[in-house]
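Residue-level structural notes
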Amino acid sequence: FQNSTTFWIVGGQDILLDGGGTIDGNGQAWWDAFPKNASLVRPIPLTIFGADSVAVTNIKFVNSPMWFNLVHTSTNILFSDVTLNTKSASSTTPKNTDGWDLYRSSNVVIQNSNIVNNDDCVSFKPNVTNILVSNLTCDGSHGISVGSLGQYPQFFDIAENIVVRDVSISNAQNGARIKVWAGPGVGSGRVNNVTYENVVVNNVDNPLIFDQCYMTSAEVCAAVPSRVDLTNIFIRNITGTSSGKEKSVVADLNCSPGAICDEIYVDDFAVVPPAKFMPGSTICNNLRVQGNAVAQFNCTG
């Protein structure tokens, strides 16, 4: 998937990986080399591939060259009591150090874990269903993200039946995030029945962000809307503070003109910017928000 390689690959059935040890990706050399060679294929420390009934518990991962974990074409996977950490010893910022990327997998639980990294805390890639993420602490990340989906024209991508609850996201680029492609030559799919609830954000640039025009200009997105539908999205009890990077904006919901972006519910949204940018504001294009926070979202479309 996306020209990835891996240090360890685990497949099969009924596997337990635990013991309290540390998996060290020795990422510094990879981080320093990548800015000079963007085609460098950096390894993922652990890939669960073609597996059923796997538990990874009580393990520490440090300094991953790229993503920490990839779950690929697998079912009934548990990660619990896991610690992930990146720390660069140079001025180079580690790139693409996602905590977990889930791809073509179902019945995955990620819980009771702490992550310090420089990209998505958890990313739901194409064709993931029945996912629970709970009791995570994410620091320095790009948030917990659905997507990106719909990039490749030959595929119909699905992210469905996903619950993210009881998480904290600090010092991050994004909080709760959905990103899907639009424009010519891209794919299609659906994001359906996705819930973010009981999320606390602290110093986050974009606490809540939907982008149905991902990697696409507004003009092109209007001319060729996204073919990845967003339906039944539930945002419940998001609280905390933005960083102020987007000044007063604490939520940015941008759906593709003419695309399907329906049944979006926001309840108990209480995120504020720094005092100098008060009061908080929202951006809301081409969709209609429902729920008790509807008055906070001046939606068009």
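Remember, predicted model here, so these are calculated numbers, not experimental data.

What follows deals with the pattern of salt bridges. In this structure the tally under the stated criterion is five salt bridges. The salt bridge partner of R190 is E160, with a shortest N-O separation of 3.1 Å. With R190 in strand β12 (residues 188–214) and E160 in strand β11 (residues 156–181), this pair connects stretches of sequence that are 30 residues apart. Taking relative accessible area as the criterion, R190 reaches 29% and is therefore assigned partly exposed. Assessed through its relative accessible area of 15%, E160 is described here as buried. The residue E197 makes a salt bridge to R165 at a minimum N-O spacing of 2.9 Å. Within this pair, whereas E197 is found in strand β12, its partner R165 is found in strand β11, the two being separated by 32 residues in sequence.

Per the stated rule, a full pass over the model turns up four disulfides. The side chain of C213 participates in a disulfide bridge whose partner is C221; the two sulfur atoms lie 2.0 Å from each other. Where C213 bonds to C221 through sulfur, the torsion about that S-S bond is close to -70°, and the disulfide is left-handed. You'll find C213 and C221 in the same group, each marked buried. In this model C255 forms its disulfide with C261; the gap between the sulfur atoms is 2.0 Å. Each member of the pair C255 and C261 is classed as buried. Numbered by position along the chain, the disulfide-linked cysteines of the protein chain connect as 1-2, 3-4, 5-6, 7-8.

As a further point, take the side chain of N206. With respect to the helices and strands, N206 occurs in strand β12. Apart from the residues lying within four places of it in its own chain, the contact partners of N206 are Q173, N174, G175 and E246.

What counts, and where the lines are drawn
- Residues numbered from 1 in each chain as written.
- Predicted model: local features only at pLDDT ≥ 70, side-chain atom pairs only at ≥ 80, totals over all residues.
- Heavy atoms only, no water.
- Salt bridge = Lys/Arg side-chain N within 4 Å of Asp/Glu carboxyl O.
- Helix = DSSP H or I, 4+ residues; strand = E, 2+ residues; numbered from the N terminus.
- Buried < 20%, exposed > 50% of the residue type's maximum accessible area, 1.4 Å probe, protein only.
- Disulfide = S-S within 2.5 Å.
- Contact = heavy atoms within 4.5 Å.

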